[in-house]
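Each chain, written out:
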Amino acid sequence: MKIKRQKQAKKTISFYKYNFSFREPFQILIDGTFCQAALKNKIQIKEQMPKYLMGEVQLCTTNCALKELETLGKELYGAKIILQRFQVRKCPHFKDPVPASECLLSMLEETNPHHYFIATQDHTVTAGLKKIPGVPLLYIILNTIVLDKPSQTSLDHVQAVQLGELVSPAQQQSIRSLKEEQGIAAQDGERRGKKRKRKQSNPNPLSCLKKKKKGVPTPPLKKTVDGEKRKRSRHKKRKPEGGENMAAPVVANA
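Here is what the cut-offs are and how they apply
- Residues numbered from 1 in each chain as written.
- Predicted model: local features only at pLDDT ≥ 70, side-chain atom pairs only at ≥ 80, totals over all residues.
- Heavy atoms only, no water.
- Pairing = 2+ DSSP bridges.
- Helix = DSSP H or I, 4+ residues; strand = E, 2+ residues; numbered from the N terminus.
- Axes fitted to C-alpha atoms, helices over the stretch in contact; angles between N-to-C directions.
- Contact = heavy atoms within 4.5 Å.
- Buried < 20%, exposed > 50% of the residue type's maximum accessible area, 1.4 Å probe, protein only.
- Arc of directions from axis to C-beta.

A. Focus on the sheet that holds strand β1 (residues 26-30). Sheet architecture is open: six strands sit in the order β3-β2-β1-β4-β5-β6, paired in mixed fashion. Edge positions in the open sheet fall to β3 (87-89) and β6 (144-147), since each of these has one partner strand only. Neighbour-to-neighbour, the strand axes of this sheet turn through a mean angle of 35 degrees, independent of strand direction. Note: β1 against strand β4 (residues 116-119), four bridges, orientation parallel. For Leu-29, the partnering residue across the bridge sits in β4 and is Ile-118. On the sheet, helix α4 (residues 63-72) packs against β2 (57-62) and β3 and is oriented at approximately 60 degrees with respect to β2.

Written out as structure tokens, the structure is:
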């Protein structure tokens, strides 16, 4: 079963790498429910996650997820200790914390531009992220970490990109970064704001040539009194009287 799960995980990771430009280290956004399930099933997240995903990972969470565990009391103290070991990503709710499920979905935005994996046991989060293309889902079942298959939204998005109906978010981001590196975006703005000046060019050399004089028109043919054209007279060469083939006179021998 372990080999089969790893083959399926490798296939799924290749799907996200090829279609949504996921790269190592994989950023895994974790909430308190996943940490609680890992603690209950004696799963070492830091050790088992890189082995399962077959690559380098960055385990992270949000401030809202930590605040939620603090408010839930001593029952989730162990999950809180685990979650505190991970990196904390900035979220827009720093001053006014919101539930962890709402915070995680807000981090994904509309197209998951930061390429997060989501590790959660919360059904509200799983239902929400399946509406967003390009979001890998991790959860714990039967004492093991499982990477879910791509959602139907992700499959539909990839099909639309392949048919040329959409431009993938990765392609849009790469185009923007290339424009920023080469300064094309700034140049385009300047071009739109300023009018183009015409360059001074030399006159066409053909226009400097002298005009050729028109030829003298041929006089019209003279007409006879009756209005008819005058016929040309042709002079025939006169042939000798004897003809061209006349034989020479025979001289008698003396």
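B. Geometry of helix α2 (residues 32-40). Restricting attention to buried positions, one finds in α2 the residues Gly-32, Phe-34, Cys-35, Ala-37 and Ala-38. With its phi angle positive at about 55 degrees, Lys-42 sits one or two positions after the end of α2.

C. Just helix α8 (residues 152-162), in detail. Turning to α8, its buried residues are Ser-154, His-157, Val-158, Ala-160 and Val-161. Along the long axis of α8, the arc covered by the buried residues comes to 160 degrees, so they all point the same way. Structural note: α8 exposes Gln-152 and Gln-162 on the side pointing more than 90 degrees away from its buried face. Following α8 by one or two positions, Gly-164 adopts a phi angle in the positive range, close to 85 degrees.

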